[in-house]
Amino acid sequence: MPLTLNYISYFIFVILLILVIKGRIMISIIIPIHNCEKYIYECLSSVKNQTFKDLEVILINDGSIDASRSICEDFIKEMPHFTLINQEKKGVSTARNIGLQHAKGEYIAFLDADDWIDDDMIEELYLLLIENSADISMINYVKEKNKTKTNSQLKKLKNDDDQKIMVYDKQEAISMLIINQDIQDYVWGKLYKKELFKDIYYPEETYYEDIFVMYKVFNNAEKFIKKNAVKLHYRHHENSITAKQTIFLKKELDYVHALINLYEFVIQNPEKISKKLNDDVYSHLAIRFFRAKKCSLKNFHQDKSSLQIFSKLINPILKDLISKSKISKLGILRYIYAKTLLQVT
């Protein structure tokens with residue numbers, strides 16, 4: 001009799017375990033949406049067609065005034081794992097924060113509403129992460145303009161080994177993130193353990209939000225893996241030249257403040273930077289501040305008050321970074337030019 005009860009108890013336990021596993025959501029995909037009626041259906045269709053099925057898709061409609069909301073509402077009628085959250089326009093940062101708050105998955109992925117992904121992207125990222133016991137997995141992307149790749153992009157895609165896999169530790173990954181080459185500081189194209197975002201929030205009403213956040217998320221991780229395969233299609237839009245000057249000023253200031261955050265992290269946490277990439281990190285930061293200085297002089301040369309704000313923020317940091325960078329990394333002409341720009345206030 002006790003043996004029979006044990007078998008029954010074990011059977012019930014197995015059934016309950018199967019039900020729990022079956023009802024578990026492994027991956028949450030967060031998609032902020034604002035006035036993307038031209039592209040949103042293609043984006044959602046690419047997510048719907050994913051070979052990995054154990055996921056939820058959180059759509060945050062950020063105050064769209066076009067047909068984006070109605071397209072989403074029609075799309076999700078037969079998609080129980082798609083959820084639509086509507087809010088007044090508060091920006092992509094707020095939308096992502098809301099998505100993170102609602103996410104039930106053990107892993108998080110982000111996608112922009114005007115991009116699309118290959119059918120196996122999520123599965124590829126998941127297998128990379130699980131099979132290598134990593135905290136963050138990454139794949140490559142390609143810029144698309146009217147679905148046409150440039151000749152240089154096609155050549156690169158053809159020549160690159162798309163099966164190549166790179167493994168990074170924390171110091172290497174953070175350094176390469178700051179250098180922004182092999183690892184870009186975009187939130188999309190990656191799969192994260194959800195726990196990495198604990199107590200991390202996107203700064204609201206801020207441009208260049210990914211630069212503010214990505215190094216913090218990477219700092220919470222230990223092992224990173226990237227596969228060279230191109231699985232995400234980033235839709236490239238030409239920058240508008242009709243933006244209001246006040247918006248343009250805020251955008252440029254936000255970029256500088258994002259760079260300052262990176263700079264302060266590097267200065268305060270030298271142990272988090274790879275020794276073999278240390279020179280590249282400092283020279284890359286110097287180049288980015290150098291370019292920000294050039295842009296401020298070009299765009300605000302008739303606005304002395306704004307120019308003074310930029311000079312006050314940029315000059316002392318650029319001076320420090322130049323002193324820490326090797327001239328061979330900066331380039332002699334850029335080094336001389338940067339030293340000259342420091343004289344301009």
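The preceding data block contains the structure.
Residues numbered from 1 in each chain as written. Predicted model: local features only at pLDDT ≥ 70, side-chain atom pairs only at ≥ 80, totals over all residues. Heavy atoms only, no water.

(A) Representation of the overall build of the protein chain within the structure. A tally of helices and strands in the protein chain yields 13 helices and nine strands. Split into buried and exposed, the 345 residues of the protein chain put 49% on the buried side. Within the protein chain, counting contacts between residues at least 6 apart in sequence, those at least 24 apart form 82% of the total. When the accessible surface of the protein chain is totalled, it reaches about 18500 Å², and 54% of it is carbon and sulfur. (Helix = DSSP H or I, 4+ residues; strand = E, 2+ residues; numbered from the N terminus. Buried < 20%, exposed > 50% of the residue type's maximum accessible area, 1.4 Å probe, protein only. Contact = heavy atoms within 4.5 Å. Areas by Shrake-Rupley, 256 points an atom, 1.4 Å probe, with all protein chains shown as cover.)

(B) Spotlight on a nonpolar patch on the surface. On the surface, Ile 327, Ile 332, Leu 333 and Ile 336 cluster together into a nonpolar patch covering about 400 Å² of accessible area. When residues in the nonpolar patch are grouped by element, the largest group, three residues, is from helix H13 (residues 332–341). On the basis of relative accessibility, which here comes to 37%, the residue Ile 327 falls in the partly exposed class. (Patch = residues over 30% accessible without salt bridge, like charges linked within 9 Å, V, L, I, M, F, W, Y side chains within 5 Å. Salt bridge = Lys/Arg side-chain N within 4 Å of Asp/Glu carboxyl O.)

(C) Unusual backbone geometry, seen in detail. Phi is positive for Glu 205, which is not a glycine, with a value near 55 degrees. Take Glu 205: it is sitting in the loop between strand S8 (190–193) and helix H8 (209–219). Classification of Glu 205 as exposed rests on a relative accessible area of 64%. For Tyr 208, which is not glycine, the phi dihedral falls at a positive 55 degrees. With relative accessibility at 31%, the residue Tyr 208 sits in the partly exposed group.

(D) Geometry of the packing of aromatic side chains. A complete count under the given rule lists 20 aromatic pairs for this structure. Between the aromatic rings of Phe 52 and Tyr 126, the centroid separation amounts to 4.8 Å while the plane-to-plane angle is 50 degrees, which identifies the pairing as tilted. One end of the pair, Phe 52, is in the loop between helix H2 (40–48) and strand S2 (55–62); the other, Tyr 126, is in helix H5 (residues 121–131), and 74 residues separate them in sequence. Judged by relative accessible area, Tyr 126 falls into the buried class, the value being 17%. Both rings, one in Tyr 186 and one in Trp 188, keep their centres 4.5 Å apart while their planes meet at 10 degrees; by these two values the pair is stacked. What makes Tyr 186 partly exposed here is its relative accessible area of 27%. (Phe/Tyr/Trp six-rings, centres within 6.5 Å; stacked < 30°, edge-to-face > 60°.)

(E) Examining the nonpolar core more closely. Among the nonpolar cores identified, the biggest contains 106 residues, and Ile 27, Ile 31, Leu 59 and Phe 218 are the most heavily contacted of them. For this core, the leading source of residues is helix H9 (residues 245–268), giving ten residues. For Phe 218, the residues in contact, after removing those within four places along its chain, are Ile 136, Met 138, Lys 170, Ala 173, Ile 174, Leu 177, Ile 183, Lys 190 and Phe 224. (Core = buried A, V, L, I, M, F, W, Y, C linked by side-chain atoms within 4.5 Å.)

(F) Region of interest: H8. Burial analysis of H8 places nine of its eleven residues in the buried class, which makes it a mostly covered element. The set of residues buried in H8 consists of Glu 209, Asp 210, Ile 211, Phe 212, Val 213, Met 214, Tyr 215, Val 217 and Phe 218.

(G) The environment of Asp 54, seen in detail. Tracing the sequence through the fold places Asp 54 in the loop between H2 and S2. In this structure the C-alpha to C-alpha distance between Asp 54 and Gly 105, which are 51 residues apart in sequence, comes to 9.2 Å.

(H) Molecular detail of the environment of His 284. On the secondary structure map, His 284 appears in helix H10 (residues 278–299). With residues near it in sequence (within four places) discarded, His 284 still touches Ile 178, Ile 179 and Asn 180. Of the polar contacts made by the side chain of His 284, one reaches the backbone oxygen of Ile 179; its length is 3.1 Å. (Polar contact = N/O pair within 3.5 Å; in protein donor to acceptor, adjacent residues only side chain to side chain.)

(I) Molecular detail of the packing of H10 against helix H11 (residues 304–324). Following both chains from N to C, one finds H10 and H11 inclined at 155 degrees, their axes separated by 9 Å at the closest point. Taken together, the axis directions place H10 and H11 in an arrangement best described as roughly antiparallel. Classified by chirality, the crossing of H11 by H10 is left-handed. Seen from H10, the contacting residues are Tyr 282, Leu 285, Ala 286, Phe 289, Phe 290, Ala 292, Lys 293, Ser 296 and Leu 297; seen from H11, they are Leu 307, Phe 310, Ser 311, Ile 314, Asn 315, Ile 317, Leu 318, Leu 321 and Lys 324. (Axes fitted to C-alpha atoms, helices over the stretch in contact; angles between N-to-C directions. Parallel < 35°, antiparallel > 145°, perpendicular 65-115°, else oblique. Left-handed = near helix turned anticlockwise from the far one by under 90°.)

(J) Molecular detail of the packing of H10 against H13. Running from amino to carboxyl end, H10 crosses H13 at an angle of 50 degrees, the nearest separation of the two axes being 11 Å. For the element pair H10 / H13, the angle class is oblique. When the axes of H10 and H13 are compared, the crossing they make is left-handed. Facing Ile 287, Phe 290, Arg 291, Lys 293, Lys 294 and Leu 297 of H10, the residues of H13 in contact are Arg 334, Tyr 337, Ala 338 and Leu 341. Tallied by class, residues from the contact of H10 with H13 come to six nonpolar, no polar and four charged. (Nonpolar A, V, L, I, M, F, W, Y, C, P; charged D, E, K, R; others polar.)

(K) Inspection of the pattern of salt bridges at higher detail. Counting across every chain of the model gives 17 salt bridges. Here Glu 209 ties to Arg 96 by a salt bridge, and the two come within 3.6 Å at their closest N and O atoms. Taken together, the residues span a long stretch of sequence, with Glu 209 in helix H8 and Arg 96 in helix H4 (residues 92–102) at a distance of 113 residues. The shortest N-O distance in the salt bridge between Lys 170 and Glu 222 comes to 3.4 Å. One end of the pair, Lys 170, is in helix H7 (residues 170–179); the other, Glu 222, is in the loop between H8 and strand S9 (223–235), and 52 residues separate them in sequence. Several salt bridges converge on common partners, so that one network encompasses Arg 96, Asp 112, Glu 209 and Asp 210.

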